[in-house]
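# A look at the structure
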Protein chains: 2
Amino acid sequence: MSQTCIHERTSHEEIENGQKLQPKFDSNGLIPCITTEVHTNEVIMFAWMNEEALNHTIETGKATYYSRSRGKLWVKGESSGQIQWVKELRTDCDQDVILIKADIGENGAACHTGYKSCFYRKLDGDKLVFDGGERVFDPAEVYKK
Amino acid sequence: MSQTCIHERTSHEEIENGQKLQPKFDSNGLIPCITTEVHTNEVIMFAWMNEEALNHTIETGKATYYSRSRGKLWVKGESSGQIQWVKELRTDCDQDVILIKADIGENGAACHTGYKSCFYRKLDGDKLVFDGGERVFDPAEVYKK
C-alpha cells in the first residue's frame, strides 16, 4: 500500500485538536462511516471501512467500504453503477468515525433496495412509515447478474 | 421495562419492507446511532444505543445513548445541559442503524469539546482543517463538576 495521509494514533490532544488523520479502527480493524448526499446533507447510508477502504476512498475519490458479509473491499457502485463521488471527508472529535459527503448524481440511489437513502422509513407512533420517495431503480434488474 | 414498539426480528422481507421496528443489536447488545440537527440535516454526532437507551429515547423524546466507556445509560445533556429533543427517528433497510433528527436549540452543541458538531474538521489534502465554527461552550467550565 502506498504512503497515505493516515497516521498512527498519538495523544488525546493530537487526536482531538490536531491536523493529522489518526483514525481508530476497532478490534476488527473497522471504522464506522456515515455517508451523506452533498447537496442536501441527507444521510443516505452507513457502512464500515477498514484501512484499505479508507485509503482507497481518499486516493480514488470513490466511496469504498469493507463488506462484512462478503469479507472484502466494496467499491460502492461497482455492481449497481451507483458510484459515490466523495466531495468531503470528515472525522469526529475522537477520530473513531468517518463522515463523507458524496455526489451520487441527480437520480442516484445509495440503497440496495433502490431507494435514494437506506433510511426510507421513519417511526410514526409505533409504526414505521415509508417516506423515502419512489424507488430509483429496480433491484431485481440491477443486481440480476 | 414497559412494553414498547421494539419487536423481535422476523423475516428479511419484514425487516426491509415492514412497518415494525425490529432493530438488530450487535453481539454487545448495541446499535449504532447517527444524530443530525433537524433544521440543517447536519450530522452532529455518532454514538451507540442498547435496547434500554432506544426505548428511553422513544418514550421520553430525549436522545439517550449507551456510554461504552462509562458502561451505562447516557441521557445526552444530563451533565452539559445540551439536551437533544428527538423530532424524528428512522432506521435503515436492514434495521441495524438508527438515525435521529434532533432539536438542540439555536445555540446548542453536541460535542464534548464545545463545538456544535463532533465533525468539526475536514480533510484538505493530507491535513485536517477546522471549519466547525466557534466553540459554543467551554468544556472546562461545563464539565467542571
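Residues numbered from 1 in each chain as written. Chains lettered and ligands numbered in written order. Predicted model: local features only at pLDDT ≥ 70, side-chain atom pairs only at ≥ 80, totals over all residues. Heavy atoms only, no water.

This is how it is decided: UniProt positions are given in the numbering used here, feature names are shortened, and annotations may be inferred rather than shown by experiment.
An unreviewed UniProt entry lists chain A under the name Phosphoribosyl-AMP cyclohydrolase, from Pelagicoccus albus. Annotation of chain A in UniProt includes, under Subcellular location (unreviewed entry), the sentence "Cytoplasm".

### Looking at the state of the cysteines
The term disulfide refers to a covalent linkage connecting the sulfur atoms of a pair of cysteines. Let me state the cut-off plainly: Throughout, a disulfide means two cysteine sulfur atoms within 2.5 Å of one another.
Scanning the entire structure with this criterion turns up 0 disulfides over all chains. Between Cys111(A), a free cysteine, and Cys118(A), which holds the nearest cysteine sulfur, the sulfur-to-sulfur gap is 3.7 Å.

### Observations concerning the nonpolar core
This is how the line gets drawn: The term nonpolar core refers to a set of buried residues drawn from Ala, Val, Leu, Ile, Met, Phe, Trp, Tyr and Cys, joined through side-chain atoms within 4.5 Å. Burial here depends on accessible area, computed with a 1.4 Å probe over protein chains only, as a share of the maximum for the residue type. Under 20% is buried, over 50% is exposed, and the range in between is partly exposed. Residues count as neighbours in contact if any of their non-hydrogen atoms are within 4.5 Å of one another.
Membership of the largest hydrophobic core comes to 69 residues, with the highest contact counts inside it found for Ile34(A), Met49(A), Ile100(A), Ile34(B), Met49(B) and Ile100(B). What Ile34(A) contacts, discounting residues up to four positions off in sequence, is Val43(A), Met45(A), Phe46(A), Val97(A), Ile98(A), Leu99(A), Ile100(A), Ile34(B), Val43(B), Phe46(B) and Phe119(B).

### A closer look at the sheet that holds strand S8 (residues 127-130) of chain B
Applied cut-off: The pairing criterion is simple: DSSP has to find at least two bridges between the two strands. Numbering of helices and strands runs from the N terminus; a helix is a DSSP stretch of H or I covering at least four residues, while a strand is a stretch of E covering at least two. Only C-alpha atoms enter the line fits that serve as axes; for helices the fit covers just the stretch in contact. Angles between N-to-C directions range over 0 to 180 degrees.
Spatial strand order, S2(A)-S1(A)-S6(A)-S5(A)-S7(B)-S8(B): 6 strands in an open sheet with mixed pairing. Only two strands of the sheet have a single partner each, and these edge strands are strand S2 (43-49) of chain A together with S8 of chain B. Taken pair by pair, the neighbouring strands of this sheet meet at an average axis angle of 35°, ignoring direction.

### Observations regarding the relation of the copies chain A and chain B
Worth spelling out the cut-off: Fitting of the copies onto one another was done by least squares over C-alpha atoms, counting residues only where both copies have pLDDT of at least 70.
Note on the copies: chain A fits chain B at an RMSD of 0.0 Å, the axial shift is 0.0 Å, and the rotation between them is 180°. Here the transformation between the copies is reduced to the relation of a two-fold axis. It is Asn41(A) whose C-alpha, among those of chain A, lies nearest the rotation axis, at 2.8 Å. Both copies share a contact surface, since 100% of the interface residues of chain A are interface residues in chain B too.

### Some thoughts on the sheet that holds strand S5 (residues 85-91) of chain B
Taken in spatial order, the 6 strands line up as S8(A)-S7(A)-S5(B)-S6(B)-S1(B)-S2(B) in an open sheet, and their pairing is mixed. Two strands close off the open sheet at either side, each with one partner strand: strand S8 (127-130) of chain A together with strand S2 (43-49) of chain B. Taken pair by pair, the neighbouring strands of this sheet meet at an average axis angle of 35°, ignoring direction. Here strand S1 (residues 31-37) of chain B pairs with strand S6 (residues 98-103) of chain B via 5 bridges, running parallel. Each bridged residue has a counterpart across the sheet, and for Glu37(B) the counterpart in S6(B) is Ala102(B). Lying on the sheet, helix H2 (residues 51-60) of chain B is in contact with strand S7 (121-124) of chain A together with S2, S5 and S6 of chain B; it crosses S5(B) at an angle near 125°.

### Describing the interface of chain A and chain B
Where the parts come together, the accessible area they lose is often given as the size of the interface. Note the following rule: By buried area we mean the combined loss of accessible area, with a 1.4 Å probe, across both parts when two parts are placed together. Any carboxyl oxygen of Asp or Glu that lies within 4 Å of a side-chain nitrogen of Lys or Arg is treated as forming a salt bridge with it. As used in this structure description, the phrase polar contact means that two N or O atoms lie within 3.5 Å; if the pair is within protein, one of them must be able to donate a hydrogen and the other to accept it, and residues adjacent in sequence are counted only when both atoms belong to side chains. Amino acid classes used here: Ala, Val, Leu, Ile, Met, Phe, Trp, Tyr, Cys and Pro are nonpolar; Asp, Glu, Lys and Arg are charged; the rest, including Gly, are polar.
Between chain A and chain B, the residue contacts involve 45 residues of the former and 46 residues of the latter. Carbon and sulfur atoms make up 58% of the surface buried where chain A meets chain B, a total of about 3800 Å² over both sides. By the criterion of area lost to chain B, the three top residues of chain A are Gln19(A), Phe119(A) and Arg121(A), representing 17% of everything that side buries. Counting across the chain A and chain B interface gives 2 salt bridges. Here Asp131(A) and Arg90(B) are joined by a salt bridge, their closest N and O atoms 2.7 Å apart. In this structure, the connection of chain A to chain B is made through 28 residue pairs in polar contact (both at pLDDT 80 or more). Residue assignment for the side of chain A that touches chain B shows that the elements contributing at least two residues are helix H1 (12-17), strand S1 (31-37), S2, strand S5 (85-91), S7 and S8 of chain A. Residues of the side of chain A that touches chain B, tallied by class, amount to 20 nonpolar, 10 polar and 15 charged.

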